[in-house]
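# Architecture at a glance
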Protein chains: 2
Amino acid sequence: MDQSISRQLQPIFRPRSVAVIGASAVPMKWGNDIILTMQQDGFRGAIYPINPKEKEILGLKVYPSVLHVPDPIDLAVIALRTEQVPRALTECVRKGIKGAVLISAGFAETGEKGRALQDEVTRIAREGGLRFVGPNCMGIFSAAADLNLSLPPGVPKGSVAFISQSGTFGGIFSREAARRGLGLSCFISAGNQADLDLADYLAYLAEDPLTQVVVMYVEGLKQGRKLLTAGKALAGRKPVIVYKAGRNPSVARVTLSHTASMAGEDRVFDAVCRQAGFIRVDELFGLLDAASALSREPLPRGKRMGILGTGGLCVVLADTCVSLGLEVPELTRKDMEFIVSDIAFPPHAPAPINPVDFAGANRTALEEAKVLNRLAQLDEVDGLISNTPLTFADTSGQSAEEQEKLFSAAARLLAEITQTFKKPLITVGLGDLVPSHEGLEKAMQAAGIVSYASPEAAVKAMAALVRYAEIRRRFAEEKGK
Amino acid sequence: MDQSISRQLQPIFRPRSVAVIGASAVPMKWGNDIILTMQQDGFRGAIYPINPKEKEILGLKVYPSVLHVPDPIDLAVIALRTEQVPRALTECVRKGIKGAVLISAGFAETGEKGRALQDEVTRIAREGGLRFVGPNCMGIFSAAADLNLSLPPGVPKGSVAFISQSGTFGGIFSREAARRGLGLSCFISAGNQADLDLADYLAYLAEDPLTQVVVMYVEGLKQGRKLLTAGKALAGRKPVIVYKAGRNPSVARVTLSHTASMAGEDRVFDAVCRQAGFIRVDELFGLLDAASALSREPLPRGKRMGILGTGGLCVVLADTCVSLGLEVPELTRKDMEFIVSDIAFPPHAPAPINPVDFAGANRTALEEAKVLNRLAQLDEVDGLISNTPLTFADTSGQSAEEQEKLFSAAARLLAEITQTFKKPLITVGLGDLVPSHEGLEKAMQAAGIVSYASPEAAVKAMAALVRYAEIRRRFAEEKGK
């Protein structure tokens, strides 16, 4: 079934030609903006604006209907008034179009009359063998086809797919993702899900080679069993991270008027997540925080953390680890000696019991990197969290050449952690107390070392890695049986 | 007692002269850095470096001991090796110095021997009528005296006092505060609290006219009853926000070696917070998030929120409000009509039931400000949260003059909410989808409207305002009895 869905969605996510039904010559209107954005973001296929009253829009020849277009059309994007949609879709079916994105709103989310219209549209599509996204959605973005029907122009391309029951989150997330150095493989504003639903999209993304991580904003759950099946098939291969809004029954009226979603029992949703192997986050941008780590860091073999830090942050990091189910093992005397060998700890510093605390003493980037690298070599450490890698590095009195040498050596030791030892290293970049070293930062990024602005975000990201490693093991075991 | 403590701490927080015992000629050393920072941040009193081996440090005459200084000294800052501290403090007492900051570490946090030394130092001070901060601390900052013994130079001055059991958080927080447009009235690295403790600092800050909000980073609780008494005396007048680390018993070894603190039972601490009227936050920078709102926004009369937003963010905001104990009341038909009168809502937009949802339609900054202003006029709304004030404002096709007019009108309507109606308005500045308007942003800041980068941070800040309003009412009632 998965591969059949994947084939059915090719015209939508990898179209060679797109008709924009409801194309407009008026700037800022949907039917104009979509074409402009497609042009700006370099869609390589043909674009056919459809509008009975215009001749040319944004330099393109306009057709009165899809039936007038001489060439085959893969995808129809429909941005018409609600009552015009059934006829337009009927014409699409007659033209042999197999995929559509229904931007138009005014359907089930508005009440009984709208629901009847939505049912009619769905019937037309089903009978005509056409699959569609929406209605009441804000379009899609597909990196595979350089197709942007939804997001602000200039979307950074990458490996994260985002399925959202809120269209406005598309733009917000693509900016926030860029800020975190993440790119998108796909964005889907799911809208009312009259035809295609979350489960279908998951099945498609399982086969999409560009997608490595899936994040979902969910308001309501329909067809829980179908979602569970699709989720299970995907989550063993790629991490799926979910944020669910409408957890409180008293806000049901809000989700209902937004996407005609029934929020449902939160614990039912939680059970679906657990069984499907989804990682559930409790903050909106927790989706991107988790995706950052899951798309770049190696998976830990267990949940035992080695921590390097200074003072209070050692306490906060260790405490937050334990609160989130991670462990912070005490080290043996032999391990401690190994870790601090040839590093001068200040006499008043506590024993490096893990967390290893430099206790406010000056030290170099290289010394910090050494400690982290050695922590990573211990069998009883599965992942590393550090609050100050290299931020306190005192390089005054050194020549530029000496500094460069020191930073390259530090960068090599850090890269070894993620790339040779295959253990995740997550850092907390706090307060910018000391100017950072550009070369070192780049080297850390290249090594997949992810940084967060708060200790809680860092530990939550590590917990997501641990959780996904557990999910992978569980699915592998179930397969093995 | 409060006023007596306040008087006793004058030499520490408003000294006219400071001796730096353990002054150093070597850059980056504590005994050098402190003097340099005092000079850079414009301390107006006399500075006396103390070091038997130097003649001049940073342009200042050096004395072999405090007893050689001809003029009176208010405050001694001691940055010596542990074992040298008792003798230095004895000399301070003989010189008649009444206040000290003990930077030196190596005391109770290192074990039995250190504890004995700490007890000796405390005895010397008690017998000599000298009060001290620390030991094992990273100094203080006092805006009242332009005295910076602790933070990176250039601390923004303001109304937030920060008491911390971790010294390294001083620098991190002063940067983070600046990023949020907040300034500090005071920073106290409390260290081991051998003499002065959290309760004493709270008593002092209650009387400090510069301090409007107090934030605390706490690892361990000692003298719970004393803290409770001081807290109660303060919290009715100024908000006190607390983050407690070391919540999990298994990290006790970390706090113990850090500040010799016993983390204690978390529920005991929670009970103290509730009785004292402290606002407890569960994330480190939640301290600053709450302080931002509490130092600038008016207090709400109740917990009923009016929300303006778009799509999914309406759901997330309303849902998060309910999760945090706030209410999102449904509006009457009459109220709805009042709110949207003369504003064109798109036909497919849901009824403005609260949250008011513009459903992706273009609208101007003025329309958004109007809706918020009218929501604020309703009796059943105590506070406002808006996810997109003015970010989606479409001003294309307008002259610069027209735009200016529109933005000023919007700014006036928004300022009226906080300043005339005295209701808090908190915004979520998401993703920078549309370039913001500088004049409008400034006007909003001037009106005390606070913005956050995530919906959860915004709602948590509003919940802190609601919580503090409740605390104020409770204390007023208790007084009234």
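Procedures and definitions
- Position labels on residues start from 1 in each chain and follow its written sequence.
- Lettering of chains starts at A and numbering of ligands starts at 1, both following the order in which they are written.
- Two thresholds apply to this predicted model, a pLDDT of at least 70 for residue-level local features and 80 or more for giving and counting side-chain atom pairs, whereas whole-chain, interface and lining totals are computed over all residues.
- Just so you know, side-chain values use all the structure's heavy atoms and leave hydrogens and water out.
- We count a stretch as a helix when DSSP gives it H or I for four or more residues in a row; a strand needs E for two or more, and each element gets its number in order from the N terminus.
- Method for areas: the Shrake-Rupley scheme with a 1.4 Å probe, in which residue coverage is limited to the protein chains shown.
- Charged residues are defined here as Lys and Arg on the positive side and Asp and Glu on the negative side; His and the ends of the chain fall outside this count.
- Every charge is mapped onto a representative atom, which is NZ of Lys, CZ of Arg, CG of Asp or CD of Glu.
- Any two strands with at least two DSSP-identified bridges between them are counted as paired.
- Any Lys or Arg side-chain nitrogen found within 4 Å of a carboxyl oxygen on Asp or Glu counts as a salt bridge.
- For every residue, the accessible area (1.4 Å probe, protein chains only) is compared with the maximum for its type, and the residue is labelled buried under 20%, exposed over 50%, or partly exposed between those bounds.
- Angles shown run from 0 to 180 degrees and are taken between the N-to-C directions of axes, each axis being a line fitted to C-alpha atoms and, for helices, limited to the stretch in contact.
- Here is the rule for angles: anything less than 35 degrees is roughly parallel, anything more than 145 is roughly antiparallel, 65 through 115 is roughly perpendicular, and the remaining ranges are oblique.
- Note on definitions: a residue-residue contact is assigned when non-hydrogen atoms from the two residues lie within 4.5 Å.
- Residues are grouped as follows: nonpolar covers Ala, Val, Leu, Ile, Met, Phe, Trp, Tyr, Cys and Pro; charged covers Asp, Glu, Lys and Arg; every other residue, Gly included, is treated as polar.
- Classification of ring pairs uses Phe, Tyr and Trp, with its six-membered ring standing for Trp, and accepts pairs whose centres are within 6.5 Å; under 30 degrees between planes counts as stacked, over 60 as edge-to-face, and the remaining range as tilted.
- How far a helix is expected to stretch is found by multiplying one less than its residue total by 1.5 Å.
- Note: domain ranges come from an automatic or database domain assignment.
- For any pair of parts, buried area is found by adding up, for both, the accessible area (1.4 Å probe) each one loses once the two are put together.
- If the strands point away from the viewer and the path from the first strand over the helix to the second runs clockwise, then the crossover is right-handed.
- Pairing of N or O atoms within 3.5 Å defines a polar contact, subject to two protein rules: one partner must be a possible hydrogen donor and the other a possible acceptor, and residues neighboring in sequence count only if both atoms are side-chain atoms.
- Buried Ala, Val, Leu, Ile, Met, Phe, Trp, Tyr and Cys residues form a nonpolar core when they are joined through side-chain atoms within 4.5 Å.
- The disulfide criterion is simple: two cysteine sulfur atoms within 2.5 Å.
- pLDDT is a per-residue confidence score from the predictor, ranging from 0 to 100.
- In this scheme, a crossing is called left-handed if the near helix is turned counterclockwise away from the far one by less than a right angle; it is called right-handed if the turn is clockwise.

### Describing the overall build of chain A
From N to C terminus, chain A includes 17 helices and 19 strands. When the accessible surface of chain A is totalled, it reaches about 18,400 Å², and 51% of it is carbon and sulfur. Charged side chains in chain A number 55 positive and 53 negative. The centres of these two groups are separated by 8 Å.

### With respect to the sheet that holds strand E16 (residues 356–357) of chain B
Spatially, E16-E15-E17-E18-E19 (chain B) is the arrangement adopted by the five strands of the open sheet, whose pairing is parallel. Of all the strands in the sheet, the pair left with one neighbour each is E16 and strand E19 (450–452) of chain B.

### Re the pattern of salt bridges
Should the charged atoms of two oppositely charged side chains come close, the side chains can pair. Per the stated rule, a full pass over the model turns up 48 salt bridges over all chains. Close ionic contact of B:Arg131 with B:Asp200 constitutes a salt bridge, the shortest N to O distance being 3.9 Å. With B:Arg131 in strand E7 (residues 131–133) and B:Asp200 in helix H7 (residues 198–207), the pair connects residues that are 69 residues apart, well separated along the chain. Neither B:Arg131 nor B:Asp200 differs from the other in exposure class; each is buried. Here the salt bridges do not stand alone but share partners, grouping A:Arg126, A:Arg131, A:Asp195, A:Asp197, A:Asp200 and A:Lys226 into one network.

### Notes on the packing of helix H12 (residues 312–323) of chain A against helix H6 (residues 168–179) of chain B
Helix-helix packing is described using two parameters, namely the angle between the two axes and the distance between the axes. For the pair H12(A) and H6(B), the least separation of the axes is 8 Å and the interaxial angle reads 80 degrees. For the element pair H12(A) / H6(B), the angle class is roughly perpendicular. Touching A:Gly312, A:Leu313 and A:Val316 of H12(A) are B:Thr168, B:Phe169 and B:Ile172, all from H6(B). In terms of residue class, the contact of H12(A) with H6(B) is built from four nonpolar, two polar and no charged.

### Overview of the packing of aromatic side chains
Evaluation of the coordinates by the stated rule reveals 16 aromatic pairs over all chains. Ring centres of A:Tyr217 and A:Tyr243 lie 6.0 Å apart, and the angle between their planes is 15 degrees; on these two criteria the pair is classed as stacked. Taken as a pair, A:Tyr217 in strand E12 (residues 213–218) and A:Tyr243 in strand E13 (residues 240–244) lie far apart in primary sequence, 26 residues in all. Residue A:Tyr217 shares its accessibility class with A:Tyr243, and that shared class is buried. Measuring from ring centre to ring centre gives 5.3 Å for B:Phe162 and B:Phe187, while their planes differ by 40 degrees; the resulting arrangement is tilted. Here the residue B:Phe162 occupies a position in strand E10 (residues 157–164), and B:Phe187 occupies one in strand E11 (residues 184–189), the gap between them amounting to 25 residues. Looking at B:Phe162, the relative accessible area reads 1%, which means it is buried.

### Details of H6(B)
For H6(B), built from twelve residues, the straight-helix expectation of 16 Å at 1.5 Å per residue is met to within 8% by its first-to-last C-alpha distance of 17 Å. When you tally the buried positions in H6(B), you get nine out of twelve residues, the bulk of the element. Turning to H6(B), its buried residues are B:Thr168, B:Phe169, B:Gly170, B:Gly171, B:Ile172, B:Phe173, B:Ser174, B:Glu176 and B:Ala177. On its buried side, H6(B) packs onto H12 of chain A together with E10, E11, strand E12 (213–218) and helix H11 (286–294) of chain B. B:Gly181 sits one or two positions beyond H6(B) and adopts a positive phi of about 70 degrees.

### A few points about the domain arrangement of chain A
Residue and element names in this part refer to chain A. We note that the domain assignment places domain 1 (1–136), domain 2 (138–295) and domain 3 (296–471) within chain A. A straight line from the C-alpha centre of domain 1 to that of domain 2 covers 22 Å. Listed as interface residues are 38 residues of domain 1 and, on the opposing side, 38 residues of domain 2. Of the roughly 3,100 Å² buried where domain 1 meets domain 2, counting both sides, 58% is carbon and sulfur surface. Run the count over domain 1 and domain 2 and you get five salt bridges. Between Arg 131 and Asp 195 there is a salt bridge; the shortest N-O distance is 3.1 Å. Counting only elements with at least two residues in the side of domain 1 that touches domain 2, the list comes to helix H1 (2–8), helix H2 (10–13), helix H3 (30–40), strand E5 (75–78), helix H5 (112–128) and strand E7 (131–133). With five residues, the single largest contributor to the side of domain 1 that touches domain 2 is H3. Across the side of domain 1 that touches domain 2, the residue classes break down as 20 nonpolar, ten polar and eight charged.

### Examining the pairing of E12(B)
Residue and element names in this part refer to chain B. Burial runs high along E12: six of the six residues are buried. Alignment of E10 against E12, held across five bridges, turns out to be parallel. Residue Val 160 lies in a different strand from E12, and its bridge partner there is Val 213. When E12 meets strand E13 (residues 240–244), the two strands line up parallel, connected through five bridges. Residue pairing for E13: Val 214 is matched across the bridge by Val 240. For the crossover from E12 across helix H8 (residues 224–235) to E13, the handedness is right-handed.

### Structural notes on H3(A)
All names here are of chain A. Within the sequence span of H3, burial applies to Gly 31, Asn 32, Ile 34, Ile 35, Thr 37 and Met 38. On its buried face, H3 is in contact with strand E1 (17–21), strand E2 (46–50), strand E3 (56–57), strand E4 (60–61), E5 and strand E9 (147–148). Positioned one or two residues after H3, Gly 42 has a phi angle of 75 degrees, which is positive.

### What about the environment of B:Glu297?
Residue and element names in this part refer to chain B. The residue Glu 297 is located in the loop between H11 and strand E15 (305–309) in this model. The sequence separation of Glu 297 and Leu 184 amounts to 113 residues, and the corresponding C-alpha distance is 17 Å. Excluding residues that lie within four positions of it along the chain, Glu 297 makes contacts with Thr 418, Pro 424, Leu 425, Ile 426, Gly 448, Ile 449, Val 450 and Leu 465. For Glu 297, the side chain forms a polar contact with the main-chain nitrogen of Leu 425, separated by 3.1 Å.

### Quick look at the environment of A:Ala25
Residues and elements named next belong to chain A. Topologically, Ala 25 is positioned in the loop between E1 and H3. Classification of Ala 25 as partly exposed rests on a relative accessible area of 36%. Considering only alpha carbons, one finds Ala 25 and Gln 84, 59 residues apart in sequence, at a separation of 19 Å. Dropping the residues within four chain positions of it, Ala 25 is found in contact with Asn 32, Glu 54 and Ile 57.

### Some remarks on the nonpolar core
Nonpolar side chains in soluble globular proteins generally cluster together in the buried interior. Judged by nonpolar contacts, the single largest core of 226 residues is most densely connected at A:Val101, A:Met216 and B:Met216. Those residues in contact with A:Val101 that lie beyond four places of it in its chain are A:Ile12, A:Leu75, A:Ala76, A:Val77, A:Ile78, A:Val133, A:Cys137, A:Gly139, A:Ile140 and A:Leu149.

### Side note on the state of the cysteines
By the definition in use, this model includes zero disulfides over all chains. In this model B:Cys92 remains outside any disulfide bridge; the closest cysteine sulfur is found in B:Cys137, 14 Å from its own.

### Looking at unusual backbone geometry
All names here are of chain A. Put simply, Gly 134 and Pro 135 share a cis peptide bond, and its omega is 0 degrees. Looking at where Pro 135 falls in the secondary structure, it is placed in the loop between E7 and strand E8 (140–142). Backbone geometry at Met 28 places phi at a positive 80 degrees, although glycine is not the residue there. With respect to the helices, strands and loops of the structure, Met 28 is situated in the loop between E1 and H3.

### Some thoughts on the sheet that holds strand E11 (residues 184–189) of chain A
Taken together, seven strands build an open sheet; the order of strands is E9-E8-E11-E10-E12-E13-E14 (chain A) and the sheet is mixed. The outermost strands of the open sheet, each flanked by one partner alone, are E9 and strand E14 (279–281) of chain A.

### Describing the confidence of the model for chain A
Across chain A, the average pLDDT comes to 89, with 91% of residues at 70 or higher. Scored by ipTM, the complex comes to 0.90, with pTM at 0.92.

### Section: the packing of helix H13 (residues 333–340) of chain B against helix H14 (residues 365–377) of chain B
Residue and element names in this part refer to chain B. Interhelical geometry of H13 versus H14 gives an angle of 145 degrees and a closest axis separation of 8 Å. Here the hand of the crossing between H13 and H14 comes out right-handed. Contacts between H13 and H14 involve Phe 338, Ile 339 and Val 340 from the first element and Val 371, Arg 374, Leu 375 and Gln 377 from the second. For the contact of H13 with H14, the residue count by class is five nonpolar, one polar and one charged.

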